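Notes for the structure review
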There are 2 protein chains.
Amino acid sequence: VKQDLKKAFGIVIKDLREQLDLSQQELADYSEVDRTYISLLERGLNYPSLKVVYKLSEILKIQPHKLIEKVDALLKN
Amino acid sequence: VKQDLKKAFGIVIKDLREQLDLSQQELADYSEVDRTYISLLERGLNYPSLKVVYKLSEILKIQPHKLIEKVDALLKN
């Protein structure tokens, strides 16, 4: 089954977060969003705004277009 | 002055739309959003959701990460 966009984004964010050994709470605090919002994103239940994509990229130490490239790759599977 | 994200996104979208010789109305119709929403985005007054980024990319015949790469490039100027 083709991944849906929200789900693919969530998978990418969770993977990057875990690579950096950050908790959802830490990612939320650094990104200045709510932890429950990070949880919703990681579970593929919400679309982020582009602002949040850029904020999360900064904390996750990846260029925004490289993050989106990972999402695109998942969507092609 | 460093571009802000909303403004950079608007510039990229408008540029791609004009390259394809589409009107705001045509882009809106194909993307299933309101023309006034396209206008707000192009003027840098709104953040799109990631869903809208993907929808616009499809109509503008560019991979989403390539579109975001253009935005990143503008933000670095």
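Here is what the cut-offs are and how they apply
- Residues numbered from 1 in each chain as written.
- Chains lettered and ligands numbered in written order.
- Predicted model: local features only at pLDDT ≥ 70, side-chain atom pairs only at ≥ 80, totals over all residues.
- Heavy atoms only, no water.
- Helix = DSSP H or I, 4+ residues; strand = E, 2+ residues; numbered from the N terminus.
- Rg over C-alpha atoms; globule rule 2.2 N^0.38 Å.
- Buried < 20%, exposed > 50% of the residue type's maximum accessible area, 1.4 Å probe, protein only.
- Contact = heavy atoms within 4.5 Å.
- Areas by Shrake-Rupley, 256 points an atom, 1.4 Å probe, with all protein chains shown as cover.
- Lys, Arg positive; Asp, Glu negative; His and termini not counted.
- Charge placed at Lys NZ, Arg CZ, Asp CG, Glu CD.
- Arc of directions from axis to C-beta.
- Expected span 1.5 Å × (residues − 1).
- Least-squares fit on C-alpha atoms with pLDDT ≥ 70 in both.
- Salt bridge = Lys/Arg side-chain N within 4 Å of Asp/Glu carboxyl O.
- Polar contact = N/O pair within 3.5 Å; in protein donor to acceptor, adjacent residues only side chain to side chain.

1. Examining the overall build of chain A
Regarding its fold elements, chain A presents 5 helices and 0 strands. Its helices and strands in sequence order give chain A the pattern α-α-α-α-α, from N to C terminus. Scaling as 2.2 N^0.38, a compact globule of 77 residues should have a C-alpha radius of gyration of about 11 Å, and chain A matches this with 11 Å. Principal-axis analysis of the C-alpha atoms gives chain A an extent of 35 × 25 × 25 Å. For chain A, the proportion of its 77 residues judged to be buried stands at 48%. Intrachain contacts of chain A at a sequence separation of at least 6 include 62% that bridge at least 24 residues. A total accessible area of about 4,200 Å² is found for chain A, and carbon and sulfur atoms account for 48% of it. Placing the 13 positive and 12 negative side-chain charges of chain A at their respective mean positions leaves the two points 5 Å apart.

2. Let's talk about the environment of Ile-38 of chain B
With respect to the helices and strands, the residue Ile-38 of chain B is situated in helix H3 (residues 35–42). If near-sequence neighbours (up to four positions away) are discounted, Ile-38 of chain B is found in contact with Gln-24, Leu-27, Ala-28, Val-33 and Leu-56 of chain B.

3. Considerations on unusual backbone geometry
Residues and elements named next belong to chain A. One non-glycine residue with positive phi stands out, namely Asp-21, at about 60°. Note on placement: Asp-21 falls in the loop between helix H1 (5–19) and helix H2 (24–31). In this structure, Lys-61 takes a positive phi of about 55° despite not being glycine. Considering the arrangement of structural elements, one finds Lys-61 in the loop between helix H4 (50–59) and helix H5 (64–76).

4. Details of H2 of chain A
Each turn of an α-helix holds 3.6 residues, which means side chains three or four residues apart point in the same direction. All names here are of chain A. Turning to H2, its buried residues number three or more, namely Gln-24, Leu-27, Ala-28 and Ser-31. Axial view of H2: buried residues confined to an arc of 100°, hence all on one face. Where H2 is buried, its residues touch H1, helix H3 (35–42) and H4. Phi turns positive one or two residues past the end of H2, at Glu-32, with a value near 60°.

5. Considering H5 of chain A
All names here are of chain A. Between its terminal C-alpha atoms H5 stretches 19 Å, which fits the 18 Å expected from 13 residues at 1.5 Å a residue. Regarding H5, the residues found buried are Pro-64, His-65, Leu-67, Ile-68, Val-71, Asp-72 and Leu-75. The buried residues of H5 all sit within an arc of 155° when viewed along its axis, so they share a single face.

6. Thoughts on the relation of the copies chain A and chain B
Superposing chain A onto chain B takes a rotation of 180° plus a shift of 0.0 Å along the axis, which leaves an RMSD of 0.0 Å. A rotation of that kind, with that shift, is consistent with a two-fold axis. Across chain A, the smallest distance between a C-alpha and the rotation axis is recorded for Ser-49 of chain A, namely 2.0 Å. In this assembly, 100% of the residues forming the interface of chain A have copies in chain B that are likewise at the interface, indicating an isologous arrangement.

7. Some points on the side chain of Asp-72 of chain A
Relative to the helices and strands, Asp-72 of chain A is located in helix H5. The side chain of Asp-72 of chain A is buried and forms no salt bridge, while Lys-76 of chain A, the nearest opposite charge, is found at 5.2 Å. Side chain to side chain, Asp-72 of chain A and Tyr-54 of chain B meet in a polar contact 2.6 Å long. There is a polar contact of 2.7 Å between the side chain of Asp-72 of chain A and the side chain of His-65 of chain B. In this structure Asp-72 of chain A touches Tyr-54, Gln-63, Pro-64 and His-65 of chain B, once residues within four positions along its chain are discounted.

8. Some details on the environment of Lys-61 of chain B
A residue is classified by how much of its surface remains accessible, and Lys-61 of chain B, at 69% relative accessible area, is exposed. For Lys-61 of chain B and Glu-42 of chain B, which are 19 residues apart along the polypeptide, the C-alpha to C-alpha distance reads 17 Å.

Treat this as a map of the structure, not an account of what it does.
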